[in-house]
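# Notes for the structure review
Chain by chain, the residues:
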Amino acid sequence: MRPFSRSEWNFPLRSPASFQRVNWLLLLLCGLLLGACRETPPAPTPSPSTPPAPGGAARPLAHRDAGTWADAVIAPVFAQAFGEPLPEDVLRLEMSGEEVRLGAESFVPAREPEAARLAERVGGRAVLLVVRDADTFVAQVSELLAVLQAKAAGVWLLHPDAPVAYRVVLRDEAGFRAWLEEVAPGKLRIIQRADGFELTTSVGKLPGPDRNGPTVPVRGGRQDIATLRRELARLKTRFTTSEDVCLVPSFGTEMVQVARALGGTYVGPEESLFDTLCLVYPMPRPAPSAARDAGSP
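Since we're looking at a predicted model, the values are computed, not measured. (Residues numbered from 1 in each chain as written. Predicted model: local features only at pLDDT ≥ 70, side-chain atom pairs only at ≥ 80, totals over all residues. Heavy atoms only, no water.)

### Considering the overall build of the chain
Put simply, the rule reads: The helix count covers DSSP runs of H or I at least four residues long, the strand count covers runs of E at least two residues long, and both are numbered beginning at the N terminus. Note on contacts: a residue pair is in contact if any heavy atoms of the two residues lie within 4.5 Å. Shrake-Rupley sampling with a 1.4 Å probe provides the accessible areas, and residues are treated as covered by the protein chains on show and by no other component.
Counting secondary structure elements, the chain contains 7 helices and 14 strands. In the chain, the share of contacts with a sequence separation of at least 24, taken over all contacts with a separation of at least 6, comes to 68%. Roughly 18,000 Å² of accessible area belongs to the chain as shown, and the carbon and sulfur atoms make up 57% of that amount.

In structure tokens:
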């Protein structure tokens, strides 16, 4: 094969130093182009619930005053327990599971003879209900509340953490439905669930941070009474003529939590947002029927 002549290259031959300078310029241009195309990742935004780095100071959380954050790991804001002074001249009934004590006497209202005996003791008297333990649930006291609704002159529920109490109007499920059917604005009710409070009115539900979740979610595993109090005050400014509110706890709610929730209807000592507090309880369980043979009428 014939070697190429100088004229056939079509450019002048250069010295080795010239080629070295060209190589450096090409490398510099490549570096600039690569740096321009490379994206710098954005700095991570700290989550409100992310703990500070060791040795670093905690970053203040915005809007932490009244439960704006829906993050369940954030502890709720402290809410003082407001209510009414303890009533005088009342019978003190202590609840523990399905058992209730009146002085030295003990009753199990789920048993019909003992419910009748309790009805005789409380007939015409005001009653203060005291929860003796944290494991007494609404479903366990439905028979007791039915007796009190029928026979007691008034029913108070003691707050578990403070010397205040709440006078409640008891309504079973049928009575609650009748109340809802009354023609009146508002019909405010607090649906108490395991994941928080749902505030409902005659014109719909009040949404919260999650429009598909409760209005006031639990925070740090505890009820957020501060936010409940704030949202009820907001509803009261809209439904100014609403004089009553109903608390509707789920059957598996602890009675101590029911009492704490009632504290959310107060904005100060003896300063309730509503004239009447209603407590809705489930219908008592039917007494077990006698065993029958299969196929008998």
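### Let's talk about the side chain of Thr215
What counts is decided by this rule: We call a residue buried when its accessible area falls under 20% of the maximum for its residue type, exposed when it is over 50%, and partly exposed in between, using a 1.4 Å probe and counting protein chains only. Pairs of N or O atoms are called polar contacts if they sit within 3.5 Å, as long as, within protein, a hydrogen donor faces a hydrogen acceptor (for residues adjacent in sequence, only side-chain-to-side-chain pairs).
Its location among the elements puts Thr215 in the loop between strand 9 (204-205) and strand 10 (216-217). Judged by its relative accessible area of 4%, Thr215 falls in the buried class. Looking at Thr215, its side chain comes within polar contact range of the main-chain nitrogen of Leu199, at 3.1 Å. In this view, Thr215 contacts Phe197, Glu198, Leu199, Lys205, Leu206, Pro207, Gly208 and Pro209; residues no more than four positions away in its chain are not counted.

### With respect to the side chain of Ser242
The topology assignment puts Ser242 in the loop between helix 6 (225-238) and strand 11 (244-249). For Ser242, a relative accessible area of 3% corresponds to the buried category. A distance of 3.3 Å separates the side chain of Ser242 from the backbone oxygen of Pro185, its partner in a polar contact. Those residues in contact with Ser242 that sit more than four places away from it in its chain are Pro185, Gly186, Lys187, Leu188, Lys236 and Phe274.

### Overview of the state of the cysteines
Each disulfide consists of one covalent bond between the sulfur atoms belonging to two cysteines. We count it as follows: For the purposes of this analysis, a disulfide is any pair of cysteine sulfur atoms at a distance within 2.5 Å.
Under the criterion given, the structure shown has 1 disulfide. A sulfur-sulfur distance of 2.3 Å marks the disulfide that ties Cys246 to Cys278. Every disulfide takes its handedness from the sign of the S-S torsion; for Cys246 and Cys278 that torsion is 95°, giving right-handed. Remark: Cys278 occurs in strand 14 (residues 276-280) and Cys246 occurs in strand 11; sequence separation between them is 32 residues. Assessed through its relative accessible area of 1%, Cys278 is described here as buried.

### Let's talk about the pairing of strand 11
As a reminder, the rule being used: Strand pairing is defined by DSSP finding a minimum of two bridges between the two strands.
Most of strand 11 sits out of view: 5 of its 6 residues are buried. In this structure, strand 7 (residues 188-193) lies alongside strand 11, joined through 5 bridges in parallel fashion. Residue pairing across strands places Gln192 opposite Pro249, the latter belonging to strand 11. Where strand 11 meets strand 14, 4 bridges bridge the pair, whose relative direction is parallel. Bridging across to strand 14, Val245 finds its partner in Leu277.

### Here we look at the packing of aromatic side chains
For the record, the criterion: When the centres of two rings from Phe, Tyr and Trp lie within 6.5 Å, Trp using its six-membered ring, the rings pair. Their planes under 30 degrees apart give stacked, over 60 give edge-to-face, and anything left gives tilted.
Under the criterion given, the structure shown has 2 aromatic pairs. Relative to Trp179, the ring of Phe176 has its centre 5.9 Å away and its plane inclined at 20°; by these criteria the two rings are stacked. Taken together, the residues span about one helical turn, with Phe176 and Trp179 both in helix 5 (residues 173-181) at a distance of 3 residues. For the pair Phe176 and Trp179, a shared accessibility class is recorded, and that class is buried.

### Examining helix 4 (residues 142-151)
Side chains three or four residues apart in an α-helix point the same way, a direct result of the helix having 3.6 residues per turn. Those residues of helix 4 that fall on the buried side of the exposure criterion are Ser142, Glu143, Leu144, Leu145, Val147 and Leu148. Considering only its buried residues, helix 4 is in contact with strand 1 (91-96), strand 2 (99-102), helix 3 (112-122), strand 4 (126-131), strand 5 (154-158) and strand 6 (165-171).

### Focus: the pattern of salt bridges
Heads up, the rule is: Salt-bridge detection follows one rule: a side-chain nitrogen of Lys or Arg within 4 Å of a carboxyl oxygen of Asp or Glu.
Within the structure shown, the criterion is met by 14 salt bridges. Between Glu114 and Arg111 there is a salt bridge, and its shortest N-O distance comes to 3.2 Å. Accessibility expressed as a relative area gives 17% for Glu114, which makes it buried. Its salt-bridge partner being Glu120, residue Arg121 comes within 3.9 Å of it at the nearest N-O pair. Relative accessible area serves as the criterion here: at 31%, Arg121 is assigned to the partly exposed category. For Glu120, a relative accessible area of 62% corresponds to the exposed category.

### Concerning the nonpolar core
Applied cut-off: Side-chain atoms within 4.5 Å are what join buried Ala, Val, Leu, Ile, Met, Phe, Trp, Tyr and Cys residues into a set we call a nonpolar core.
Ranked by size, the top nonpolar core spans 53 residues in total, and within it Leu93, Leu129 and Leu148 carry the most contacts. In contact with Leu148, not counting residues within four places along its chain, are Leu93, Val122, Val127, Leu129, Val155 and Leu170.

### A few points about the environment of Lys236
Within the fold, Lys236 resides in helix 6. Residues within four places of Lys236 in sequence aside, it is in contact with Ser242, Glu243, Leu273 and Phe274.

### Focus: unusual backbone geometry
The backbone of Lys187 sits at a positive phi, close to 50°, despite the residue not being glycine. Looking at where Lys187 falls in the secondary structure, it is placed in the loop between helix 5 and strand 7. Its identity is not glycine, yet Glu270 carries a phi of approximately 55°, on the positive side. Here Glu270 shows up in the loop between strand 12 (266-268) and strand 13 (271-272). Looking at Glu270, the relative accessible area reads 54%, which means it is exposed.

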